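# An overview of the molecular structure
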Amino acid sequence: MINTMFVPQKQKHIMETPDMGKWELAGYEAALPVTEKSNPITREIDKADPVQIVHLLKECDAEIFQEEDDTLVNYKGRYTETRTSEPQLEVEIGQREGETSHRKVKRLYSASVLQTMMDVTKKVEAILKDPEHSLIILSGCGTSGRLAFLLATSFNKLLKGLHKNPSYAYIIAGGDKAILTSQEASEDNPHLGAEALKRVCAGKKKVLFIGISCGLSAPFIAGQLDFCLNNLDVFTPVLVGFNPVNMARNEIIEGWHLTFRQVAEKMEEVQETRRAFILNPAVGPEGISGSSRMKGGSATKIILESLLLAAHKATSNNKEVTAKNLLDWMKTYEKVHKITYSQGKMIAAMVKQAGTSLEKMGRIYYIGWQTLGVMGIIDASECVPTFGTDFSDVRGFINKGYKEMANREGDLTSRGPEFEISHEDFMMNVLPDVTENDTVVFIFTLDDDLLEIEKLANQVKNKTPNLHAISHVTTGQYVSANIKKTFASVMSMTWPIVFFEYEGFFLQKFQRELSTKWILNAISTGGHILKGKIYFNHMIDLKVSNSKLFRRAVAILQRFTSRSPIICQEALLKSIYETDDLSDEIRNVEISTHTTLAATKFKVVPTALVLLTRNCSVAEAMSRIQAKPVVRETIDRYLTAPGRKRTADQIEMQRDEENE
Ligand SMILES: C[C@](O)(c1ccc(-c2ccc(S(=O)(=O)c3ccc(N)nc3)nc2Nc2ccccc2)nc1)C(F)(F)F
Ligand SMILES: O=P(O)(O)OC[C@@H](O)[C@@H](O)[C@H](O)[C@@H](O)CO
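Note that the coordinates shown come from a computational prediction; the quantities given were computed from them, not determined experimentally. Each residue is numbered by its place in its chain's sequence as written, counting from 1. Chain letters and ligand numbers both follow the written order, the letters beginning at A and the numbers at 1. Local features are withheld for residues below a pLDDT of 70 in this predicted model, meaning they are given only at 70 or higher, and side-chain atom pairs are given and counted only at 80 or more; totals for whole chains, interfaces and linings count all residues. To get the side-chain values, all heavy atoms of the structure are used, and hydrogens and water are removed first.

## Details of the sheet that holds strand E13 (residues 489-495)
- Two strands are said to pair when DSSP picks up at least two bridges between them. Starting at the N terminus, helices and strands are each numbered in turn, a helix being any DSSP run of H or I of at least four residues and a strand any DSSP run of E of at least two. Pairing is parallel in the open sheet, where 5 strands are placed in the order E10-E9-E11-E12-E13. Edge strands, defined here as strands with exactly one partner in the open sheet, are strand E10 (394-398) and E13. The sheet shows a mean angle of 15° between the axes of neighbouring strands, direction not considered.
- Residue contacts are defined here by distance: any two heavy atoms, one from each residue, within 4.5 Å place the two residues in contact. Lines fitted to the C-alpha atoms define the axes, with helices restricted to the stretch that makes contact. Angles between their N-to-C directions range from 0 to 180 degrees. Most of the contacts of helix H15 (residues 450-461) go to strand E11 (residues 439-445), to which it runs at about 175°, and overall it touches strand E9 (364-368), E11 and strand E12 (467-474).

Written out as structure tokens, the structure reads:
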């Protein structure tokens, strides 16, 4: 059996993969985590126009809801997509006939997922009965941490409306500053996670810990789950992610003794006694490979909002939660997909506008109200690590700033301009410099202060004609004519009136948030695609600021040059350290040393690409990239050079065929 996984081993950091000739072996591809795979739907998204971009993203998001099909995982973790009706027997290499057992991949609506959700709602209900001595903690890194913050504050508001004490708390790697800015390095520290968890739940007797890691990969979360597993008298750990456990990250975590996969496997064992739970349906690869903020973030919202709302409803109605309840709650989110993307043309127009602004070195501003303002702040903060842009390129603002956010650490404005988030900050410090190159998007509902909205819009209109609105209305409500005439375009989403009780009001709020998330994800992703930041469906010029991004960078270099992982890693290190001869000291120092230095550099991956394709010095590679920053030509020239290997596309094509 060819060993295709990261295996903990003494000489650090070398990804165990088949040697060059067998690189395309289905085995390697099969080991590739779903959350890191390239989605065939978006293989050519970098060449799509705005309407096509929106259509492709819509197709990707629809995969979240896909029913369980004949996708088979055999127990050695070789994930093979089969489209045929009869199960395709894939015999393990060196595996005797008949010994292979196949299991279906869990999807959002799978019976096992619904059963686990039901089990977790019972734990939630137990906690809600005793808020003084117990707590529900939501935790994550990056986008997963931002959603943990949003979910915890939303459900504490739900409790407050019932005159109940808060039962929720959140942890985000890097602290509250990570809600607004990228703190990618803190993801790699398991001790930091465990310490934060101890601090937040000091004195509690019963804690339901919900750790969110879309890729089943964040060491910060692994540290927290392991802490829970060693204190099961107080803690019940729940892991939320979107890979099968046998694809959880298996690389030794620096300064620790376990891999994420070992922690996940321990979780699986304890799950047998219903004292730990794993919610990990596959939702399909991201539209931009590895960008788990998109489908991963959406699926996180859908699962946890459905689960928690069902638990609250059962508590107030004193009724049991059934699998059907959960299925019905989650099915309503499919309508959100339908209603949102019914506005595809208007979304495409905003994508086009965003692309124009970004190409002209203009900026994009989201001016939002209530939690729709939070969705704008989240999308804006994701652009920095995702597209390697400056915080000032895409920014979110929210009415009443930190008062509306209700984040634990309160007002962070004094920490610097990237922490200025109120409409007043926007008016005073940003609006004076807004020009017609900039795009401003208002995001509100008709329950927000329409006079305030109109006043602010008229002030913005004096500075740029590119003023658009996303408004959420309930059937029967209409955006008034004078609001309409203030904006260049108004995208109006009409939602059915909800008759459910109190929880229904929150479900409607959550669904407007998800709809807004999909639209803003399309605007920021589409805008950067039109600006030429994406190659095929990969963000090649990524900042290598933590170990996962380091791995992704090496993998992308391999994918586009067909060189071995060792050669690719060397090229990346030469680029990071700006040297043509790597010392053994550099080769053997911890990954965190590489990522800490890389985080201060620009274009290290494109530079490494030139190193690999032009066989030149680092200095020459850097000056080439300086001169011609567009990565696409560099790769195309290399891949189609006479006598060169197939194009990256042909490589992708062949791999996907192998996966069929
Ligand atoms: C699809 C593609 O080949 C690709 C892209 C990314 C990666 C990759 C990135 C990061 C990582 S990771 O080590 O940080 C990680 C993350 C989550 C998880 N559950 N396990 C491991 N692994 C990657 N690839 C990979 C992981 C395990 C086995 C074989 C390949 N591998 C391949 C590329 F075309 F995008 F390059
Ligand atoms: O939820 P995960 O897989 O642990 O990932 C946590 C973070 O790396 C991730 O949210 C990252 O900040 C985003 O830019 C991904 O699009």
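This is not the end of the story, as more comes after the structure.
## Considerations on the sheet that holds strand E7 (residues 235-240)
- Overall, parallel pairing links the 5 strands, which are arranged E5-E4-E6-E7-E8 in an open sheet. Strand pairing shows two members of the sheet lacking a second neighbour, strand E5 (168-172) and strand E8 (277-279), which therefore form its edges. Across the sheet, the mean angle from the axis of one strand to that of its neighbour is 20°, orientation sign disregarded.
- In this sheet, strand E6 (residues 206-212) lies alongside strand E4 (residues 134-140) in parallel orientation, the contact comprising 7 bridges. Among the inter-strand pairings, Ser134 is bridged to a residue of E6, identified as Lys206.
- Along the sheet, helix H4 (residues 142-161) contacts E4, E5 and E6; its crossing angle with E5, the most-contacted strand, is approximately 165°.
- Along the sheet face, helix H9 (residues 295-317) touches E4, E5, E6, E7 and E8 and points at about 160° away from the line of E6.

## Things to note about the site of ligand 2
- We call a residue near a molecule or strand whenever a single non-hydrogen atom of that residue lies within 4 Å of it. The local shell around ligand 2 holds 15 residues, among which Ser144, Glu187, Ser213, Cys214 and Gly215 are the closest.
- Whenever two N or O atoms come within 3.5 Å, that pair is a polar contact, provided that in protein one can donate a hydrogen and the other can accept it, and provided that, for residues adjacent in sequence, both atoms are side-chain atoms. One nitrogen or oxygen atom from the main chain of Arg293 is found 3.0 Å from an oxygen atom belonging to ligand 2.
- In this structure, an oxygen atom belonging to ligand 2 sits 3.0 Å away from a side-chain N or O atom of Lys548.
- Note on areas: Shrake-Rupley with a 1.4 Å probe; residue coverage comes only from the protein chains shown. Protein burial of ligand 2: of its 410 Å² of free accessible surface, 95% is covered by the chains.
- Here the shell around ligand 2 takes 3 residues from H4, the largest share from any one element.
- When residue character is reported, Ala, Val, Leu, Ile, Met, Phe, Trp, Tyr, Cys and Pro are called nonpolar, Asp, Glu, Lys and Arg charged, and the others, Gly included, polar. Split by residue class, the shell around ligand 2 holds 3 nonpolar, 8 polar and 4 charged.

## So, the UniProt feature "domain: SIS" (unreviewed entry) in the protein chain
- On the UniProt side, "domain: SIS" (unreviewed entry) is annotated at positions that read residues 124-317 and 354-533 here.
- Within residues 124-317, the helical portion is 44% and the strand portion 14%, while the C-alpha atoms at the span's ends are 15 Å from each other. UniProt positions are given in the numbering used here, feature names are shortened, and annotations may be inferred rather than shown by experiment.

## Digging into the environment of Ser545
- Along the chain, Ser545 turns up in the loop between helix H17 (502-530) and helix H18 (547-561).
- On the accessibility criterion, Ser545 (11% relative accessible area) is buried.
- Counting along the chain gives 38 residues from Ser545 to Leu507, while the straight-line C-alpha distance between them is 36 Å. Three labels apply to residues, based on accessible area from a 1.4 Å probe with only protein chains included: buried if under 20% of the type maximum, exposed if over 50%, partly exposed otherwise in between.

## Considering the nonpolar core
- One finds Met117, Val124, Tyr168, Ile210 and Tyr366 to be the most contacted residues of the largest nonpolar core, which totals 106 residues.
- Residue contacts for Ile210: discarding those within four places in its chain leaves Ile136, Ile137, Leu138, Ser139, Val238, Val240 and Leu304.
- To define a nonpolar core, start from buried Ala, Val, Leu, Ile, Met, Phe, Trp, Tyr and Cys residues and group those joined through side-chain atoms within 4.5 Å. Counting 35 residues, the second-largest nonpolar core is a separate cluster that includes Phe209, Cys228, Leu229 and Phe235.

## Description of the side chain of Glu382
- Its place among the elements puts Glu382 in helix H12 (residues 370-387).
- Exposure remark for Glu382: the relative accessible area of 2% places this residue in the buried category.
- A polar side-chain atom of Glu382 sits 2.7 Å from a polar atom in the side chain of Thr143.
- Within the structure, the side chain of Glu382 is placed 2.7 Å from the side chain of Arg293, a separation counted as a polar contact.

## Here's the deal with a negative patch on the surface
- Within the patch definition used here, like charges are joined within 9 Å and nonpolar side chains (Val, Leu, Ile, Met, Phe, Trp, Tyr) within 5 Å, considering only residues with over 30% relative accessible area and no salt bridge. Salt bridges are defined as contacts in which a side-chain nitrogen from Lys or Arg sits within 4 Å of a carboxyl oxygen from Asp or Glu. For the purpose of counting charges, residues Lys and Arg are taken to be positive, whereas Asp and Glu are taken to be negative. His and the chain ends are not included. The atom standing in for a charge is NZ when the residue is Lys, CZ when it is Arg, CG when it is Asp and CD when it is Glu. A cluster of acidic side chains, namely Glu265, Glu268, Glu269 and Glu272, defines a negative patch on the protein surface.
- Following the sequence through the fold, Glu268 ends up in helix H8 (residues 260-271).

## Points about helix H3 (residues 111-128)
- With 18 residues, H3 should cover 26 Å at 1.5 Å per step; its first-to-last C-alpha distance of 26 Å lies within 8% of that length.
- Restricting attention to buried positions, one finds in H3 the residues Val113, Leu114, Thr116, Met117, Met118, Asp119, Val120, Thr121, Val124, Glu125, Ile127 and Leu128. Expected helix span is taken as 1.5 Å per residue step, with the number of steps being one fewer than the number of residues.

## Some points on the packing of aromatic side chains
- Stacked, tilted and edge-to-face are the three classes assigned to paired rings of Phe, Tyr and Trp, where Trp is represented by its six-membered ring and a pair needs centres within 6.5 Å; plane angles under 30 degrees give stacked, over 60 edge-to-face, the rest tilted. Scanning all chains against the criterion turns up 18 aromatic pairs.
- On the numbers, 6.3 Å between centres and 50° between planes, the contact of Tyr365 with Phe397 is tilted. Remark: Phe397 occurs in strand E10 and Tyr365 occurs in strand E9; sequence separation between them is 32 residues. Each member of the pair, Tyr365 as well as Phe397, carries the same accessibility label: buried.
- Note on Phe506 and Phe510: the rings are 6.3 Å apart at their centroids and 55° apart in plane angle, and the pair reads as tilted. Of this pair, Phe506 and Phe510 both sit in helix H17, 4 residues apart, which is roughly one turn of the helix.

## A few points about the pairing of E4
- E4 sits mainly inside the fold: 7 of its 7 residues count as buried.
- What you see with E4 is no split at all: Ser134, Ile136, Leu138 and Gly140 on one side and Leu135, Ile137 and Ser139 on the other are buried throughout.
- Viewed with both strands pointing away, a crossover whose connecting path from the first strand over the helix to the second turns clockwise is right-handed. Where the polypeptide runs from E4 across H4 and back to E5, its parallel neighbour, the crossover connection is right-handed.

## Quick notes on the state of the cysteines
- We call a pair of cysteine sulfur atoms a disulfide when they lie within 2.5 Å. This model, assessed by the stated rule, comprises 0 disulfides.
- The thiol of Cys141 is not disulfide-bonded; the next cysteine sulfur, from Cys214, is found 10 Å away.
- Free of any disulfide, Cys568 has its nearest neighbouring cysteine sulfur in Cys616, separated by 15 Å.
- Judged by its relative accessible area of 0%, Cys568 is buried.

## Some points on unusual backbone geometry
- Non-glycine residue Leu216 carries a positive phi angle of around 50°.
- With respect to the helices and strands, Leu216 occurs in the loop between E6 and helix H7 (219-229).
- Residue Leu216 is classed as buried on the basis of its relative accessible area, which comes to 0%.
- The backbone phi angle of Phe536 is positive, close to 55°, even though this residue is not glycine.
- Residue placement: Phe536 occurs in the loop between H17 and H18.

## Concerning the packing of helix H11 (residues 344-359) against H17
- Viewed as axis vectors pointing N to C, H11 and H17 meet at an angle of 45°, and their least axial separation amounts to 8 Å. The orientation of H11 relative to H17 falls into the category oblique. The element H11 and its partner H17 pack so that their crossing is right-handed. Two secondary-structure elements touch here, H11 through Ile347, Met350, Val351, Lys352, Ala354, Gly355, Leu358 and Glu359 and H17 through Ile519, Ala522, Ile523, Gly526, Gly527, His528 and Leu530.
- Counted by class, the contact of H11 with H17 contains 9 nonpolar, 4 polar and 2 charged residues. Roughly parallel covers angles under 35 degrees, roughly antiparallel covers those over 145, roughly perpendicular covers 65 to 115, and oblique covers all other angles. Should the near helix be turned counterclockwise from the far one by less than a right angle, the crossing is left-handed, whereas a clockwise turn marks it as right-handed.

## Quick word on the environment of Val34
- Tracing the chain through its elements places Val34 in the loop between helix H1 (26-31) and helix H2 (50-62).
- Each C-alpha atom, one on Val34 and one on Asn243, is 5.9 Å from the other, the two residues being 209 residues apart in sequence.

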